Amino acid sequence: IALLTMAIKARGVGAISLTGSQAGIYADSCHTRARITKIIPTKIKRELSGGNVVIVAGFQGRNPNDDIATLGRGGSDLTAVALSAALGADECEIYTDVDGVYTTDPRVARDARKINIISYDEMLEMAGTGAQVMQGRSVEVAKKYGVNIRVLSSFVKSAGTLITQEPDKEKQMEAAVVRAVTFDRNQAKFSILDVADRPGIASKIFGALALAGINVDMIIQSAARQGSNDISFTVSRADAKKSAEILRKLKKRAGASGVIEDKSAAKVSIIGVGMKSHPGVAAKMFATLASSGVNIEMISTSEIKVSCIVSEKQVDKAVGALHKAFALGEKNLRKAGLSKNEKLKD
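Below: a short report on this structure. From a predicted model like this one, the values you see are computed outputs, not experimental measurements.

Time to look at the overall build of the protein. If you tally the helices and strands in the protein, you get ten helices and 18 strands. Once the C-alpha set of the protein is aligned to its principal axes, its extents read approximately 75 × 60 × 30 Å. Among the 346 residues that make up the protein, the fraction classed as buried is 45%. Taking all contacts inside the protein whose residues are at least 6 apart in sequence as the whole, residues at least 24 apart take part in 71%.

Here's what the structure looks like:
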């Protein structure tokens, strides 16, 4: 921040650099994963009124002990969005190495196209299912305070992608049942076999995982048979070792016969607010994967998302097939008479 301030001043523009603490960013005491509690931007407003460009260090805030607390993954984007909310900005621009949010990773599907406008809910689901462009915490804050986010490229001039409230589908030419296909290769699946079918067992299992700070994603419990059932769930691969240790300790208490671990799992998802009012989307996804020879191991749904756990080896095949089946590619945009970079008005 000091070097950037010096560079701006060298061009004859007034500027000042502020740490998170100086900028009035307060956070809790959970170091490396702190959450912003409040922002008092008094000094920022004073410097802006004085005609200065204010450069604020992202990723940090002041904890209750007046020490520096880091905000964790996505903390810089989170800082930008939170400051935009605190200052009442019209829009928060995030510059990155891509020129917006795409229908899927262009490295997997070459005809992936840029989405010009997307809702907070869709972006949250994309972030939670593997899309790397925006981190979920930033979008949550934007949605809560009504901050529009525009994702732009640091290298290419374009209109980028606007993340905002749910666009008016009656006027939105981009309207589609499914807006994007995402994937996450960083999954581990666990199955606890023959768990005793009695109250409190699931609470013990997932309570122990929660106490260890492990975030559980998808959960499936089979129907009870002869007083027992199987419970399967997924976690981040980084938490696999810790999860395995906890489950081995809980095995006897849960009355389980065994624990199966699979570190080669991956998650593939389709996302779109239009799914809420269109039946048969999930069935089409399953049929597409089946015809492509991709086996589904677990399924999870919400109003605007359907996720499937598949083998990591089959991720590219699954993403390519779904992207084509739901007509998300560049060819479909050309069929509608629109160029790739044409801005679609809402």
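Put simply, side chains in a regular strand alternate between the two faces of the sheet. Here strand E14 (residues 216–221) runs beside strand E15 (residues 228–236); their pairing, made up of four bridges, is antiparallel. Note on E15: the bridge partner recorded for Ile-219 is Phe-233. Count of turn residues in the E14/E15 antiparallel hairpin: six residues, of which Gln-226 carries a positive phi of about 50°.

So, on to unusual backbone geometry. Positive phi outside glycine occurs at Asp-194, with the angle close to 55°. With respect to the helices and strands, the residue Asp-194 is situated in strand E13 (residues 180–196). In the Ramachandran plot, Ala-327 falls in the positive-phi region, its phi being about 55° despite a non-glycine side chain. Position of Ala-327 among the secondary structure elements: in the loop between helix H9 (315–325) and helix H10 (330–335). The exposure class of Ala-327 is partly exposed, given its relative accessible area of 35%.

Criteria and thresholds
- Residues numbered from 1 in each chain as written.
- Predicted model: local features only at pLDDT ≥ 70, side-chain atom pairs only at ≥ 80, totals over all residues.
- Heavy atoms only, no water.
- Helix = DSSP H or I, 4+ residues; strand = E, 2+ residues; numbered from the N terminus.
- Buried < 20%, exposed > 50% of the residue type's maximum accessible area, 1.4 Å probe, protein only.
- Contact = heavy atoms within 4.5 Å.
- Pairing = 2+ DSSP bridges.

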